[in-house]
Amino acid sequence: MYYPEELIEEIRFQNAIEDVIGEYVQLKKRGNSYFGLCPFHNEKTPSFSVSPDKQMYYCFGCGAGGNVYTFIMQMENYGFIEAVKYLADRANITLPEPEMSEQEKRKTRIREQLLEIHIHAARYFYSNLHAKRGKKALEYLENRKVDKKYQKVFGLGYATISRNDLYHYLMSKGYQEEVLSQSGLVIPEKRSRGYFDRFFNRLMFPIFDVHNRIIGFGGRVLGDGQPKYLNSPETLLFDKSKHLYGLNIARTARKDQILIVEGYMDVIALQQAGFSNVVASLGTAFTPYHAQLLRRYVREVVLIYDSDEAGIRAALRAIPILENDGISTKVLKIPGQQDPDDYIKQYGSEAFKELIERRTYTSMEFEIELMIKKYNLNNPDEKIGFIKEAGKRLLQIKSNVAQEIYTQEVAKIGGIPVETLKKEMVRYQQIQPIHQNTIVKSKKEPLEKDIGLHKAQRGLLYILCTEPKLYKLLQKYIQPQDFTDVTYQQVAQYIYTVYNHNKKIDEAGIVARFSTLAEQQKVSAIFTGKIHFQSKEQKQKIIYDQIKLIKQASIEYRSRTTTDLKELQKLIEEKRQLDHMNISLLDG
Ligand SMILES: [Zn+2]
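Residues numbered from 1 in each chain as written. Predicted model: local features only at pLDDT ≥ 70, side-chain atom pairs only at ≥ 80, totals over all residues. Heavy atoms only, no water.

1. Thoughts on the sheet that holds strand β9 (residues 202-208)
A sheet is described by the order of its strands in space; here four strands give the open sequence β6-β9-β10-β11, paired in antiparallel fashion. Each edge of the open sheet carries a strand with a single partner, namely β6 (157-159) and β11 (229-231). Going across the sheet, the axis of each strand differs from the next one's by a mean of 35°, ignoring polarity. Bridge count between β6 and β9: three bridges; the pairing is antiparallel. Looking at β9, one finds that Tyr-158 is bridged to Leu-203. Sheet strands touched by helix α11 (residues 264-272): β9, β10 (214-221) and β11. Its angle to β9, the strand with the most contacts, is close to 75°. (Pairing = 2+ DSSP bridges. Helix = DSSP H or I, 4+ residues; strand = E, 2+ residues; numbered from the N terminus. Axes fitted to C-alpha atoms, helices over the stretch in contact; angles between N-to-C directions. Contact = heavy atoms within 4.5 Å.)

2. A closer look at helix α23 (residues 486-500)
When the terminal C-alpha atoms of α23 are compared, their 21 Å separation across 15 residues agrees well with the 21 Å that a helix rising 1.5 Å per residue should span. For α23, the full list of buried residues reads Thr-487, Tyr-488, Val-491, Ala-492, Tyr-494, Ile-495, Tyr-496, Val-498 and Tyr-499. (Expected span 1.5 Å × (residues − 1). Buried < 20%, exposed > 50% of the residue type's maximum accessible area, 1.4 Å probe, protein only.)

3. Observations concerning the sheet that holds strand β12 (residues 244-245)
One open sheet holds the six strands; their spatial order is β12-β14-β13-β15-β16-β17, and the pairing between them is mixed. Looking at which strands have only one partner, the edges of the open sheet turn out to be β12 and β17 (360-362). Bridge count between strand β13 (residues 257-261) and strand β15 (residues 300-303): four bridges; the pairing is parallel. In the strand pairing of β15, Leu-259 is matched with Val-302. Contacting β12, β13 and β14 (278-281), α11 crosses the sheet at an angle of about 180° to β14.

4. Describing the packing of helix α16 (residues 363-374) against helix α18 (residues 400-414)
Closest axis-to-axis distance for the α16/α18 pair is 12 Å, and the angle between their directions is 15°. In this view, α16 runs roughly parallel relative to α18, as classed from their interaxial angle. The interaxial crossing formed by α16 with α18 has right-handed handedness. Along its contact with α16, which presents Met-364, Glu-365, Ile-368 and Ile-372, the element α18 presents Tyr-406, Val-410 and Ile-413. (Parallel < 35°, antiparallel > 145°, perpendicular 65-115°, else oblique. Left-handed = near helix turned anticlockwise from the far one by under 90°.)

5. A look at unusual backbone geometry
With an omega of -10°, the peptide bond between Gln-226 and Pro-227 qualifies as cis. One can find Pro-227 in the loop between β10 and β11. In this structure, Gln-55 is a non-glycine residue whose phi angle is positive, near 60°. By the secondary structure assignment, Gln-55 is in the loop between β3 (48-51) and β4 (56-59). Residue Gln-55 is classed as buried on the basis of its relative accessible area, which comes to 18%. Even without glycine at this site, Asn-92 takes up a positive phi of about 55°. Its place among the elements puts Asn-92 in the loop between α4 (80-90) and α5 (102-129).

6. Re the pattern of salt bridges
Scanning the model with the defined rule gives 27 salt bridges in all. Glu-23 is the partner of Arg-90 in a salt bridge, and the nearest nitrogen-oxygen pair spans 2.6 Å. Separated by 67 residues along the polypeptide, Arg-90 in helix α4 and Glu-23 in the loop between α2 (17-22) and β1 (28-30) bring together distant segments of the chain. Taking the relative accessible area as the measure of exposure, Glu-23 reaches 48% and is therefore partly exposed. Salt-bridge contacts for Lys-105 lead to Glu-102; the nearest nitrogen and oxygen are separated by 3.8 Å. Of this pair, Lys-105 and Glu-102 both sit in helix α5, three residues apart, roughly one helical turn. Here Lys-105 falls in the partly exposed class, since its relative accessible area comes to 32%. (Salt bridge = Lys/Arg side-chain N within 4 Å of Asp/Glu carboxyl O.)

7. Side note on the side chain of Lys-551
Turning to its location among the elements, Lys-551 is positioned in helix α26 (residues 536-561). From its side chain, Lys-551 meets the backbone oxygen of Tyr-477 in a polar contact 3.5 Å long. Residues in contact with Lys-551, not counting those within four places in the same chain, are Tyr-477, Ile-478, Asp-482, Arg-558, Glu-574 and Leu-578. (Polar contact = N/O pair within 3.5 Å; in protein donor to acceptor, adjacent residues only side chain to side chain.)

8. Focus: the pairing of β10
Of all eight residues that make up β10, eight are buried, and the element is covered over most of its length. Pairing analysis gives seven bridges linking β9 to β10, with the strands arranged antiparallel. From the neighbouring strand, Met-204 faces β10, where its bridge partner is Gly-219. Counting the residues that bridge the hairpin from β9 to β10 gives five residues, and of these Asn-212 lies at a positive phi of roughly 65°. Of the strand pairs in this sheet, β10 and β11 are connected by three bridges, and their pairing is antiparallel. In the strand pairing of β11, Arg-220 is matched with Tyr-229.

9. What about the domain arrangement of the protein?
As assigned here, the protein comprises domain 1 (5-90), domain 2 (100-238), domain 3 (241-355), domain 4 (375-442) and domain 5 (448-579). Placing the centre of domain 4 and that of domain 5 at their C-alpha centroids yields a distance of 49 Å. (Domains from an automatic or database assignment.)

10. Concerning the packing of α5 against helix α8 (residues 165-172)
Remark: α5 packs on α8, axes separated minimally by 11 Å, with the N-to-C direction vectors making an angle of 125°. Between α5 and α8, the crossing angle belongs to the class labelled oblique. Here the hand of the crossing between α5 and α8 comes out right-handed. On α8, the residues that touch Ile-117, His-120, Ala-121, Tyr-124 and Phe-125 of α5 are Asp-165, Leu-166, Tyr-169 and Leu-170. Its residues assigned to classes, the contact of α5 with α8 comprises seven nonpolar, one polar and one charged. (Nonpolar A, V, L, I, M, F, W, Y, C, P; charged D, E, K, R; others polar.)

11. Some remarks on the packing of aromatic side chains
The description of two aromatic rings rests on the distance between their centres and on the angle between their planes. Inspection of every chain in the model, using the stated rule, returns 23 aromatic pairs. Geometrically, the ring pair formed by Tyr-24 and Phe-71 is edge-to-face, given 5.4 Å between the ring centres and 65° between the ring planes. Here Phe-71 lies in helix α3 (residues 68-76) and Tyr-24 lies in the loop between α2 and β1, a separation of 47 residues in the sequence. Between Tyr-343 and Tyr-347, the ring centres sit 4.7 Å apart and the planes meet at 40°, which makes this aromatic pair tilted. Highlighted residues: Tyr-343 and Tyr-347, both in helix α14 (residues 340-347), separated by four residues, approximately one helical turn. Overall, the relative accessible area of 9% leaves Tyr-343 in the buried class. (Phe/Tyr/Trp six-rings, centres within 6.5 Å; stacked < 30°, edge-to-face > 60°.)

Right, here's the structure in full:
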């Protein structure tokens with residue numbers, strides 16, 4: 001980590017969690033805590049709590065929890081360093097310049113300039129649209145019935161027919177030609193040694209990243225020019241395989257699903273019709289990066305592609321990429337070959353909502369239907385072809401239940417007994433032994449023993465944190481290195497150090513020592529996983545069992561890895577003690 005720990009703590013101290021979260025969630029005070037609707041899952045009654053005493057938050061609905069850093073990381077999709085910067089800024093704390101090489105510094109400077117250039121360009125395009133020279137473009141938007149409000153929300157603009165307007169404008173702002181050409185908005189012309197604008201005579205769509213920074217543009221030609229749509233090229237800021245148009249807005253919709261459409265205009269039309277959870281890929285096939293990006297916000301997507309061949313092919317390509325990342329995928333076919341925009345204009349947004357609710361196919365249904373169309377099922381040979389293709393696809397379904405259901409379905413369509421189809425599928429699997437399905441099945445499920453050990457470590461850490469009195473007794477039996485889980489071991493180490501210095505445990509402070517979201521969540525789960533003891537005896541038994549389980553695993557692990565004879569003897573002694581462990585933990 002490249003900021004000193006004291007500084008990280010200072011920043012956390014200066015950002016009261018209830019204030020920071022209060023900027024995102026409406027909080028009401030009840031007792032010592034605040035409650036509100038969880039921003040991380042969809043709910044109608046508040047199960048999201050914020051504790052000012054502990055400086056932690058926790059959701060009883062979805063289990064999200066952590067300190068103020070965790071919250072910002074989760075909410076803004078930031079890394080730890082970005083969250084530190086954000087909160088330092090919020091508290092007016094100046095961060096020291098992080099250590100950077102000359103080359104890194106230069107790159108950062110250029111990135112900053114490119115971001116500024118994109119803001120200037122967007123403002124310039126926007127003012128063009130509303131000047132006399134933008135009349136044609138504005139007319140186009142009016143014909144497509146894009147409201148003034150949404151023109152503004154999406155920052156729509158116009159690149160004029162002149163071929164170097166923007167270039168001159170940006171030069172007048174004092175940028176160097178070399179940086180301008182790195183923005184991709186201006187193209188050097190070798191022969192004339194001049195510069196030209198990439199976009200001219202186009203309706204301009206600024207492309208935002210999830211933090212609302214403009215990183216590129218898409219342009220739609222006005223009239224019949226080619227290509228119809230043109231995007232910014234790859235730059236230091238822009239990589240179209242990693243961004244989705246509209247995600248900056250869709251991610252804040254906090255809906256259970258995200259709709260994926262084909263183009264800019266579809267996104268805008270759907271937004272205007274009240275669907276805030278909609279994105280489009282930027283004129284490119286769906287990539288695994290897109291899937292990862294979406295998975296941060298939702299577990300389900302609805303693909304809304306045109307019903308032409310290109311649209312169907314795009315959907316078919318996107319399905320396995322999304323499902324591979326654990327995103328359940330549905331497909332919506334709009335009746336009558338219409339695009340979403342036309343459909344809503346004709347039938348209204350309520351009707352479109354109904355379509356999404358009632359007329360979506362699961363990805364498998366969609367694929368089966370396409371196969372049915374492909375083969376003439378009245379012809380025996382083609383029927384065999386259908387069964388073969390469908391059978392192979394069925395093998396890729398990860399869920400056993402889903403596989404069973406669709407296998408029955410396909411057997412019915414093919415007019416053969418399910419058992420026959422299943423036998424065929426076994427054969428296909430033997431022919432193609434490396435299948436997603438078999439890979440998934442071979443993945444080792446965590447053993448029950450491991451889960452128990454995990455729980456015991458977490459539980460004991462909770463007790464150690466919340467009951468300082470017990471520490472003196474427990475530390476005789478268990479040491480930080482006995483925690484086999486690396487993260488838990490670090491937490492234990494910290495707890496022991498704090499107690500040995502006669503200090504108090506600061507739960508949020510422990511969380512802040514970890515820099516990845518996964519670790520932070522794991523650590524905060526220690527403090528939120530309350531244990532209720534019904535009696536003193538039960539408490540004694542639980543703690544006893546926890547220590548025994550952890551110690552056993554620790555001894556087992558160390559005896560497997562050690563080569564030192566003395567160490568081995570020590571382990572044998574420890575084992576003997578453990579077997580005779582008979583302690584009264586709760587006398588004090
Ligand atoms: Zn929640």
